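What follows is each chain in one-letter form.
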Amino acid sequence: MTPDELQQLLAQQPIAVLHRLARGRVHRHFRAGKRRLIELLLQHSSQNLAGLESDLHALIGERHTRAPLTTAPARQAAPRHTAPPPNRRPHRPHEPESTEPSVSLAAWLEGLGVPSPQPFVPDPWQVDALAGLTETDVVVSVPTGSGKTYVAVEAARRAMDENRTVIYTSPLKALSNTKFTEFSKIFGGDRVGILTGDRQDNSQAPILIMTTEILRNLLYDAAGGEIDVRLDTLGLVILDESQYLADPERGVVWEETIIFCPSQAKLLLLSASIGNPQDIADWLTSIRPSPCRLVRHSKRTVPLRAGYLHPNGKLTPLFRTAGIPYGQPGQLHPEAKRLFLEYEEDTLPSGRPRR
């Protein structure tokens with residue numbers, strides 16, 4: 001059978017058969033759609049398509065033997081040597097099964113909830129970022145939940161104490177509205193304004209929240225002679241979600257905003273997912289009057305956990321460990337694997353009873 005014929009035969013099979021064929025071949029095959037799963041199967045078995053074809057025929061034969069006895073009698077009388085092999089060769093495991101004991105559900109859920117109140121103490125990276133802003137621009141690259149907003153709020157407060165204005169930008173109108181509400185509660189409604197395509201409130205406030213496109217347009221106007229006097233007192237520009245610099249369509253807005261930003265204003269770039277923060281800091285150093293400082297750390301203040309919720313309502317840890325073991329598929333929790341198989345059996349499209 002040619003590769004094209006094998007691909008067509010795979011496409012004719014129900015998804016449940018493809019999932020069974022993918023066990024031991026394709027990691028996390030349950031997440032792939034049918035077309036993608038076929039591509040992964042062919043890619044994995046590119047050096048042994050005959051083995052893949054043999055296993056596929058075995059599964060097809062198994063489905064036929066389980067079908068109701070309403071099929072043609074001639075099929076039942078077919079010679080045994082023309083039928084697919086009854087026993088499939090064992091699948092080669094994708095990765096050795098872990099022998100480590102699995103975390104219990106209670107241990108996995110331990111610690112979730114609202115923490116007890118305690119005095120706030122800024123992290124060293126937050127202190128470092130605020131200290132850097134007294135002298136130069138700062139790029140902050142830390143995980144989500146680490147406290148970037150504290151740096152933004154404290155930096156804005158210090159800028160206003162020096163009678164400087166502050167502009168806070170985000171890529172989305174919705175996020176700008178959220179920050180407007182948040183900053184208004186912190187600094188008072190009379191000290192915070194907002195400028196988006198849909199909204200313009202208190203535009204003479206010392207803190208202005210806006211989308212990055214709006215700030216880029218203001219800087220364009222200033223470059224064309226339509227100078228907004230507030231730009232002369234601008235002391236701090238905060239660019240939230242600065243990973244948009246890498247966006248193929250919108251990244252130019254961030255680039256132009258940074259290039260046209262007044263030199264007396266400090267830039268604070270915030271991001272949890274920027275891929276090359278050192279390159280960004282080096283670029284800012286090359287175009288701005290002072291060297292840019294990079295503040296970076298990778299430890300999550302709020303660790304991530306992964307669980308699996310079966311349609312029957314049962315919850316179980318997804319991995320053997322409470323945290324996420326990146327790059328170790330053999331760490332799947334045994335109960336999660338059992339529920340995966342149960343779900344596959346329940347969703348077989350034909351020839352199998354549904355529970």
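Owing to the predicted nature of the structure, the values given are computational and were not obtained by experimental measurement.

Student: Could you give an account of the overall build of the protein, with specific residues and numbers?
Tutor: When its secondary structure is counted, the protein shows 13 helices and 10 strands. Here the protein, with 355 residues, has 41% of them falling under the buried criterion. Taking the contacts inside the protein whose residues are at least 6 apart along the sequence as the reference set, 65% of them involve residues at least 24 apart. Of the roughly 19900 Å² that the protein leaves accessible, carbon and sulfur atoms contribute 54%.

Student: Provide a residue-level description of the environment of P311, including the pertinent values.
Tutor: One can find P311 in the loop between strand 9 (307–309) and strand 10 (315–317). When the C-alpha atoms of P311 and L339 are compared, they prove to be 9.5 Å apart, with 28 residues separating the residues in sequence.

Student: Give me the lowdown on the pattern of salt bridges, citing residues and values where you can.
Tutor: What the rule picks out here adds up to 13 salt bridges. For R199, the salt bridge goes to D201, with nearest N and O atoms at 2.9 Å. Under the relative-accessibility criterion, D201 is labelled partly exposed at 30%. Residue K314 is joined to E335 by a salt bridge in which the shortest nitrogen-to-oxygen separation is 2.7 Å. In this pair, K314 sits in the loop between strand 9 and strand 10 while E335 sits in helix 13 (residues 334–346), placing the two residues 21 residues apart along the sequence. Judged by relative accessible area, which is 18%, E335 ranks as buried.

Student: Tell me about the packing of aromatic side chains, residues and numbers included.
Tutor: Enumeration over the complete set of coordinates arrives at 6 aromatic pairs. Both rings, one in F183 and one in F187, keep their centres 5.9 Å apart while their planes meet at 45 degrees; by these two values the pair is tilted. Of the two residues, F183 and F187 both sit in helix 9 (residues 173–187), 4 residues apart, roughly one turn of that helix. For F183, a relative accessible area of 0% gives the class buried.

Student: Can you break down the pairing of strand 5 (residues 207–211) residue by residue, with the values?
Tutor: Of all 5 residues making up strand 5, 5 are buried, and the element is well covered by its neighbours. Here strand 5 shows a buried face lined by I207, I209 and T211 and a second buried face lined by L208 and M210. Sheet analysis places strand 2 (residues 165–170) next to strand 5, joined by 5 bridges and oriented parallel. Each residue of the ladder has a partner; that of V166, found in strand 5, is I207. Here 4 bridges tie strand 3 (residues 192–195) to strand 5, and the two strands are oriented parallel to one another. If you follow G193 over to strand 5, its bridge partner there is L208.

Student: Give a detailed account of a nonpolar patch on the surface, specifying residues and quantitative values.
Tutor: Taken together, the side chains of L105, L109, L112, L309 and L315 present a nonpolar region at the surface, about 430 Å² in accessible area. By the element assignment, L105 lies in helix 6 (residues 105–109).

Student: Can you explain the confidence of the model for the protein? Please cite residues and give values.
Tutor: In the predicted model, the protein carries a mean pLDDT of 84, and 85% of its residues have values of at least 70. Predicted confidence is poor over residues 69–90, with pLDDT under 50, and the contacts of this stretch with residues over four places away or in other chains come to 17 contacts.

Student: Could you give an account of the sheet that holds strand 1 (residues 138–141), with specific residues and numbers?
Tutor: One open sheet holds the 8 strands; their spatial order is 4-3-5-2-6-7-1-8, and the pairing between them is mixed. Each edge of the sheet is formed by a strand with only one pairing partner; in this case those strands are strand 4 (200–201) and strand 8 (293–296). Docked against the sheet, helix 8 (residues 148–161) engages strand 1, strand 2, strand 5, strand 6 (234–239) and strand 7 (266–271), running at close to 165 degrees with respect to strand 7.

What counts, and at which threshold
Residues numbered from 1 in each chain as written. Predicted model: local features only at pLDDT ≥ 70, side-chain atom pairs only at ≥ 80, totals over all residues. Heavy atoms only, no water. Helix = DSSP H or I, 4+ residues; strand = E, 2+ residues; numbered from the N terminus. Buried < 20%, exposed > 50% of the residue type's maximum accessible area, 1.4 Å probe, protein only. Contact = heavy atoms within 4.5 Å. Areas by Shrake-Rupley, 256 points an atom, 1.4 Å probe, with all protein chains shown as cover. Salt bridge = Lys/Arg side-chain N within 4 Å of Asp/Glu carboxyl O. Phe/Tyr/Trp six-rings, centres within 6.5 Å; stacked < 30°, edge-to-face > 60°. Pairing = 2+ DSSP bridges. Patch = residues over 30% accessible without salt bridge, like charges linked within 9 Å, V, L, I, M, F, W, Y side chains within 5 Å. pLDDT = per-residue confidence, 0-100. Axes fitted to C-alpha atoms, helices over the stretch in contact; angles between N-to-C directions.

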